[in-house]
Amino acid sequence: VAEGAVSKVAIVLDFGGTQLRAAVIDRDGQILHREAVATKNQAGPAVVVGQMADISTRMIALCDVREIAGVGLCSPGPLDIGQGLIVHAPTIRDFTNVPVVRMLEEHLGRKVLLEGDAIAAACGEWKFGAGRGVDNIVYMTVSTGLGGGVISDGRVLYGARGLAGHIGHMKIFADGERCGCGNPGCWEAYASATNFTKRARVALGEDISAKEVFAGAKTGDVRAQELVDQQADYLGIGMVSCLHLFNPERIIIGGGMSNALDQLMPGIMKRINADAMPAFRDVEILRAGLGDNSGLLGTAQLVFSRIA
Ligand SMILES: [Zn+2]
């Protein structure tokens, strides 16, 4: 086998309810090609998996096939990694028990690796983003939901079924708001961007957006600031448990809410300093460094480490 012609690139897909992103990425984390299309999220699994196959095929066509280490897909879940199933993708129509790995493998004639989107993003930030250089990270994405992935002692934490790090479903109130998972009181039911916006609309009117609340707080609007403080406190409450569970060096925050991290930090730190045991408080809280590419880069990393 000629040197330099083997396993140099990964073909990766990041499947989301709004966008389907794809890229060709090398071992150094260089994105050689990238494409994004709107997910046909109302068209049903066959059409959506067809989109995945098409975009993969276009990426593969841009490469020397001898250089391709493998194909990886990260997806919202829950997933059944062992069975290659998307058990349920709530924002995509009819996406229940979809055998996405088998369907894609049939289209592509290649092995496909499936990974949870939050674990993939955690891995991407660890290797190439805000988590570089440390071995203990809690990554959290705060957007529609609240997802998480954990790097512990320099390893990706998977758990028995690849489901470790579902921090959004930690219960933070005994009889609280109903979460999308069905349980009351989950962290996600308080600290996700969706629930922040919901509280803002109750307090300030039906038309307000999260962005407007943060902008209002910046210009001294007291009611907007109260909403920001409340949100920061909810974030802090869950982070305290993450500190006690995983003792991370860094907590890295991605998703839309991370754009307002500077405004949230005082409230987050107030809660951490009040509730975390002193030995656990020494943590850096950073905004994710890779933007929309953390899932793609992390999936590439996982392809190289698990297939190649
Ligand atoms: Zn839940």
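Parameters at a glance
- Residues numbered from 1 in each chain as written.
- Predicted model: local features only at pLDDT ≥ 70, side-chain atom pairs only at ≥ 80, totals over all residues.
- Heavy atoms only, no water.
- Helix = DSSP H or I, 4+ residues; strand = E, 2+ residues; numbered from the N terminus.
- Rg over C-alpha atoms; globule rule 2.2 N^0.38 Å.
- Buried < 20%, exposed > 50% of the residue type's maximum accessible area, 1.4 Å probe, protein only.
- Areas by Shrake-Rupley, 256 points an atom, 1.4 Å probe, with all protein chains shown as cover.
- Lys, Arg positive; Asp, Glu negative; His and termini not counted.
- Charge placed at Lys NZ, Arg CZ, Asp CG, Glu CD.
- Pairing = 2+ DSSP bridges.
- Right-handed = clockwise from strand over helix to strand, strands pointing away.
- Phe/Tyr/Trp six-rings, centres within 6.5 Å; stacked < 30°, edge-to-face > 60°.
- Lys NZ or Arg CZ within 6 Å of the ring centre and 35° of its normal.
- Donors = N, O, S within 2.8 Å, 3.2 Å for Na, K, Ca; no water.
- Salt bridge = Lys/Arg side-chain N within 4 Å of Asp/Glu carboxyl O.
- Axes fitted to C-alpha atoms, helices over the stretch in contact; angles between N-to-C directions.
- Contact = heavy atoms within 4.5 Å.
- Arc of directions from axis to C-beta.

Trainee: Outline the overall build of the protein chain, supporting the account with residue identities and numerical values.
Mentor: Assigned secondary structure in the protein chain consists of nine helices and 13 strands. For a compact globule of 308 residues, the expected C-alpha radius of gyration is about 19 Å, and the protein chain comes in at 20 Å, within 12% of that figure. Based on the C-alpha atoms only, the size of the protein chain along its principal axes is roughly 65 × 45 × 35 Å. Looking at the protein chain as a whole, 54% of its 308 residues qualify as buried. Of the roughly 14,000 Å² that the protein chain leaves accessible, carbon and sulfur atoms contribute 49%. Put simply, the protein chain has 29 plus and 33 minus side-chain charges, and the middle of one group is 2 Å from the middle of the other.

Trainee: Outline the pairing of strand β12 (residues 250-254), listing residues and values.
Mentor: With five of five residues buried, β12 lies mostly within the body of the structure. Side chains of β12 alternate between two faces, with Arg250, Ile252 and Gly254 and Ile251 and Ile253 buried alike. In terms of strand pairing, strand β9 (residues 137-142) meets β12 through five bridges, oriented parallel. Within β12, the position partnered with Ile137 by the bridge is Arg250. Examined bridge by bridge, β12 and strand β13 (residues 284-287) share four bridges and lie parallel to one another. Each residue of the ladder has a partner; that of Ile253, found in β13, is Arg287. In this fold, the crossover linking β12 to β13 by way of helix α8 (residues 261-275) has right-handed handedness.

Trainee: Help me get a handle on the packing of aromatic side chains, residues and values and all.
Mentor: Within the structure shown, the criterion is met by five aromatic pairs. Here a set of aromatic residues connected by ring pairs shows up, and it is made of Phe173, Tyr190 and Tyr234. In this structure, Lys127 is placed above the aromatic ring of Trp126, and the distance from its NZ or CZ to the ring centre is 4.2 Å.

Trainee: Give me the lowdown on the coordination of the zinc ion, citing residues and values where you can.
Mentor: Taken together, the protein ligands of the zinc ion are His169 (ND1), Cys179 (SG), Cys181 (SG) and Cys186 (SG), with distances of 2.0 to 2.3 Å. All donors to the zinc ion come from one chain, and their sequence spacing reads H-x9-C-x1-C-x4-C. A residue pair is termed long-range when its members are at least 10 positions apart, and His169 in the loop between β11 (155-156) and α4 (188-191) and Cys181 in the loop between β11 and α4 qualify at 12 residues. Residue classification places His169 among the partly exposed positions, given a relative accessible area of 33%. The class for Cys181 is partly exposed, based on a relative accessible area of 41%.

Trainee: Run through the pattern of salt bridges, naming residues and quoting values.
Mentor: A complete count under the given rule lists 11 salt bridges for this structure. The partner of Asp14 in a salt bridge is Arg21, with the nearest N and O atoms 3.6 Å apart. Taken individually, Asp14 and Arg21 each receive the classification buried, so the pair is uniform in this respect. Across the salt bridge formed by Arg66 and Asp64, the nearest N and O atoms sit 2.8 Å from each other. For Arg66, a relative accessible area of 56% gives the class exposed. Taking the relative accessible area as the measure of exposure, Asp64 reaches 29% and is therefore partly exposed. Salt bridges linked by common partners bring Asp14, Arg21 and Asp292 together as one network.

Trainee: Any details on the sheet that holds strand β8 (residues 112-116)? Residues and values, ideally.
Mentor: Judged by pairing direction, the sheet is mixed, and its five strands sit side by side in the order β3-β2-β1-β4-β8 without closing on themselves. The sheet is open, and its two borders are formed by β3 (31-38) and β8, each paired with just one other strand. Adjacent strand axes in the sheet meet at a mean angle of 20 degrees, parallel and antiparallel pairs treated alike. Across the sheet, helix α3 (residues 117-128) is in contact with β4 (68-75) and β8; its angle to β8 comes to roughly 90 degrees. Relative to the sheet, helix α9 (residues 294-306) contacts β1 (9-15), β2 (19-26), β3, β4 and β8, its axis offset from that of β1 by approximately 135 degrees.

Trainee: Could you give an account of helix α6 (residues 210-218), with specific residues and numbers?
Mentor: Residues of α6 that are buried include every one of Ala210, Val213, Phe214, Gly216 and Ala217, and no others. Taken around the axis of α6, the buried residues stretch over an arc of 160 degrees, which confines them to a single face. Pointing more than 90 degrees away from the buried face of α6 are the exposed residues Lys211 and Lys218. Positioned one or two residues after α6, Gly220 has a phi angle of 95 degrees, which is positive.

Trainee: Outline unusual backbone geometry, listing residues and values.
Mentor: The peptide bond linking Gly77 to Pro78 adopts the cis configuration, its omega dihedral lying at 15 degrees. The residue Pro78 is located in the loop between β4 and β5 (79-80) in this model. The backbone phi angle of Asp94 is positive, close to 60 degrees, even though this residue is not glycine. Tracing the sequence through the fold places Asp94 in the loop between β6 (85-88) and β7 (96-98).

Limitation: the analysis is restricted to geometry and does not speak to function.
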